[in-house]
There are 2 protein chains.
Amino acid sequence: MELDDLDWKLLDLLQRDGRMTFTELAKRVSLSAPATTERVRRLEHAGIVTGYAAVVDPQRLGLPIEAIVRVRVRSLDTPRFRERVVTMAQVRDADHVTGDDCWLLRVVCRSTIELEEFVEQAQRYGDTTTSLVFSSHARNRPVTREIFGGIVSR
Amino acid sequence: MELDDLDWKLLDLLQRDGRMTFTELAKRVSLSAPATTERVRRLEHAGIVTGYAAVVDPQRLGLPIEAIVRVRVRSLDTPRFRERVVTMAQVRDADHVTGDDCWLLRVVCRSTIELEEFVEQAQRYGDTTTSLVFSSHARNRPVTREIFGGIVSR
DNA sequence: AGTGAAAATGTAGCGTA
DNA sequence: TACGCTACATTTTCACT
């Protein structure tokens, strides 16, 4: 699918405010509401926009501890690890990656004690390295056309 | 702020579908639309819901390479690192963490060549370790009450 | 791109615990 | 006092042309 300036603008607006109405979106891109809706539907059907989500602050929900747990899972244990650890509610992100630490988990907890308990579970499947998150300077930053170095299509 | 079952249900629904209408939300929690809207507004004003965002698939946007770059930034260089690297459009997540690798960056790129160019930039501020993401098994999984082990309040 | 029907939203006033 | 309900006016969405 080929994207033009307007599509990128819509993607940008929706990544920043996923609840913006089509009327408002239309105003921002200087298009009619039906035309705008049509474009957004196309982005959804093309699998470019895969959904919409409320962004919540775990801190305010009583989950002040955030950590990245790297786990070097023994390959034979991978199925059980996915089943028993990756599925735990504390896990917000789980990526299988290259390199020595084959799994990277982002977890949120109520306390360091609960983090310890989580890490103990993960330890059963391989060696772990845990880093506490001091501060997040970017979280789910919008994907923009800037990544392409300002190259223009169409 | 004290959350009851209904608030958690609303948080869950909105994290899964951030564009759900208040009428639909109301139906799902068996409440009137105005009462539902009121509760969501309270969650927003309390800073629990910080926003809404469209979820996009970088793959479909021509960004097939995703990587986690760990950077051991020399503390004197941190301000410039934040200014010159963390702000780059490729960076979707940037966390300052404890441990040897003080920064964790999640980046998306068009190619391994562009990833290499990115890492070269990051290298100017400290040693790096790069892991390519094979697959993501969880991404921004909703924060649910399950994390609290099924404890009920109110 | 414009139009009209249907649906969703926001506001106000009332009732209940 | 806090919370939810109904009713109504306004805005938005959707299926047409």
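Bear in mind the structure is a predicted one, so any value in this text is a computation, not a measurement.

Draft legend 1. Spatial organisation of the overall build of chain A. A tally of regular secondary structure across chain A gives five helices and five strands. Along the chain direction, N to C, the helices and strands of chain A fall in the order α-α-α-β-β-α-β-β-α-β. Expected size for 154 residues packed as a compact globule is a radius of gyration near 15 Å; at 20 Å, chain A overshoots this value by more than 25%. Burial statistics for chain A: of 154 residues in total, 50% are counted as buried. Sequence separation of at least 24 residues holds for 67% of the intrachain contacts in chain A that already meet a minimum separation of 6. Here chain A displays about 7,600 Å² of accessible surface, and carbon together with sulfur accounts for 49% of that area. If you average the places of the 23 positive and of the 23 negative side-chain charges in chain A, the two averages end up 3 Å apart.

Draft legend 2. The arrangement of the sheet that holds strand β5 (residues 126–138) of chain B in detail. Strand order in the closed barrel formed by eight strands is β2(A)-β4(A)-β3(A)-β5(B)-β2(B)-β4(B)-β3(B)-β5(A), and the pairing between neighbours is antiparallel. Neighbour to neighbour, the strand axes of the sheet diverge by 35° on average, direction disregarded. The pairing of strand β2 (residues 65–73) of chain B with β5(B) spans seven bridges and is antiparallel. Bridge pairing in β5(B) links Ile68(B) to Ser131(B).

Draft legend 3. Seen up close, the domain arrangement of chain A. Parsing chain A into structural domains produces domain 1 (5–53) and domain 2 (58–132). For domain 1 of chain A versus domain 2 of chain A, the distance between C-alpha centres works out to 35 Å.

Definitions and cut-offs
Residues numbered from 1 in each chain as written. Chains lettered and ligands numbered in written order. Predicted model: local features only at pLDDT ≥ 70, side-chain atom pairs only at ≥ 80, totals over all residues. Heavy atoms only, no water. Helix = DSSP H or I, 4+ residues; strand = E, 2+ residues; numbered from the N terminus. Rg over C-alpha atoms; globule rule 2.2 N^0.38 Å. Buried < 20%, exposed > 50% of the residue type's maximum accessible area, 1.4 Å probe, protein only. Contact = heavy atoms within 4.5 Å. Areas by Shrake-Rupley, 256 points an atom, 1.4 Å probe, with all protein chains shown as cover. Lys, Arg positive; Asp, Glu negative; His and termini not counted. Charge placed at Lys NZ, Arg CZ, Asp CG, Glu CD. Pairing = 2+ DSSP bridges. Axes fitted to C-alpha atoms, helices over the stretch in contact; angles between N-to-C directions. Domains from an automatic or database assignment.

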